[in-house]
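Fold and contact review
The chain contents come next:
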Amino acid sequence: MSGTATVDIPQSIKDSLRKFRFARRSSGSAALIIKINKSKLVLEEVEQFDEISIEELAEELPENSPRYVVLSYELSHKDGRKSFPLVLINWAPSTSEISLLTLHASALLNFQTTADVSKIIEIRDGPEGLTKEVIDTKLLSN
C-alpha cells in the first residue's frame, strides 16, 4: 500500500487502465468495470466491454454494490462532430452496504488520479439513473 491509500491499486489494474485509455475507438462506447475486494483492500477488474450501450451497461452493474466504471463514451456534439471522452462513473447505489460505500468513497480520488480521468458522473439511484441522456447532459453542459 502506498502512503495513506485505503485501497491498493495493483499494477495489473494500472496496465488495464493504460491499455483501455489508449485503445483506438471510432464508434460506440466501451467500459472497464472495477470493484474493491473488501477483504483484501485491493481493486480488481470485473469486466471489460466494447461496443456497449449505456442501457446495457446499466443492466450489467450490480444493484447493491458500488463499482468504478471507466467509460470511453461516443459523444455526438451539436455541430455534428464525434468525440470519445473518458469518463469515470462512480456507481454507488444507495442500497449498498454502508461500509462498502464508505470504502468506495475513500478510494475514489486515488482511483480517479490513477485512471487519469477528469470528469466524474455520480450514479446513486441504480440502472434508471444511468442513461444516455444523463451522460449527454453532464458532458455537453461544459
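Structure's up top.
Residues numbered from 1 in each chain as written. Predicted model: local features only at pLDDT ≥ 70, side-chain atom pairs only at ≥ 80, totals over all residues. Heavy atoms only, no water.

1. Some points on the sheet that holds strand E2 (residues 42-49)
Threshold: By definition, two strands form a pair when at least two bridges between them are found by DSSP. Strands are runs of DSSP state E lasting at least two residues, helices are runs of H or I lasting at least four, and both sets are numbered from the N terminus onward. To get an axis, fit a line to the C-alpha atoms, keeping to the stretch in contact for a helix; angles then go from 0 to 180 degrees between the N-to-C directions. Any two residues having at least one pair of non-hydrogen atoms within 4.5 Å are treated as being in contact.
Pairing within the open sheet is mixed, and its 5 strands lie in the order E2-E1-E3-E6-E7. The strands lining the two open edges of the sheet, one partner per strand, are E2 and strand E7 (119-123). Each adjacent strand pair in this sheet contributes to an overall mean axis angle of 25°, direction not counted. Relative to strand E6 (residues 86-91), strand E3 (residues 67-72) runs antiparallel, the two sharing 6 bridges. Counted as the bridge partner of Val69 is Ile89 from E6. Docked against the sheet, helix H1 (residues 11-21) engages strand E1 (30-37), E2, E3 and E6, running at close to 165° with respect to E1.

2. Thoughts on a negative patch on the surface
Test applied: Only residues whose relative accessible area exceeds 30% and that form no salt bridge are eligible for patches; like-charged ones are grouped when within 9 Å, while nonpolar side chains (Val, Leu, Ile, Met, Phe, Trp, Tyr) are grouped when within 5 Å. Methods summary: accessible areas were calculated by the Shrake-Rupley approach with a probe of 1.4 Å, and residue burial reflects only the protein chains presented. When a carboxyl oxygen of Asp or Glu lies within 4 Å of a side-chain nitrogen of Lys or Arg, that pair is called a salt bridge. In this count, Lys and Arg are taken as positive residues and Asp and Glu as negative ones, while His and the chain termini are left out. To locate a charge, take atom NZ for lysine, CZ for arginine, CG for aspartate or CD for glutamate.
A surface patch of like charges, here negative, comprises Glu47, Glu55, Glu56, Glu59, Glu60, Glu63, Asp125, Glu128 and Glu133. In terms of residues, the negative patch owes the most to one element, helix H2 (residues 54-60), which gives 4 residues. The topology assignment puts Glu59 in helix H2.

3. Re unusual backbone geometry
As a reminder of what qualifies: For every residue, the accessible area (1.4 Å probe, protein chains only) is compared with the maximum for its type, and the residue is labelled buried under 20%, exposed over 50%, or partly exposed between those bounds.
We note that Leu41 has phi near 55°; this positive angle belongs to a residue other than glycine. Structurally, Leu41 can be placed in the loop between E1 and E2. For Leu41, a relative accessible area of 30% puts it in the partly exposed group. Despite not being glycine, Asp116 shows a phi value in the positive range, around 55°.

4. Digging into the side chain of Arg67
This is how the line gets drawn: Throughout this description, a polar contact denotes any pair of N or O atoms lying within 3.5 Å of each other; where both atoms belong to protein, one of them has to be capable of donating a hydrogen while the other can accept it, and for residues adjacent in sequence the pair is counted only when both atoms sit in side chains.
Within the secondary structure layout, Arg67 lies in strand E3. The side chain of Arg67 is buried and forms no salt bridge, while Glu44, the nearest opposite charge, is found at 8.3 Å. Within the structure, Arg67 has its side chain in polar contact with the side chain of Ser65 (distance 2.9 Å).

5. Topic: helix H3 (residues 98-115)
Definition in use: Expected helix span is computed as 1.5 Å times (number of residues minus one). Throughout, bend refers to the angle between the axes fitted to the seven residues that end at a position and the seven residues that start at it.
With 18 residues, H3 should reach 26 Å at 1.5 Å per residue; the first-to-last C-alpha distance of 25 Å fits that figure. At Leu108, H3 is bent by approximately 40°, the largest bend along its length. Residues of H3 that are buried in the fold lie against H1, E1, E2, E3, E6 and E7. Just beyond H3, the residue with positive phi is Asp116, at close to 55°.

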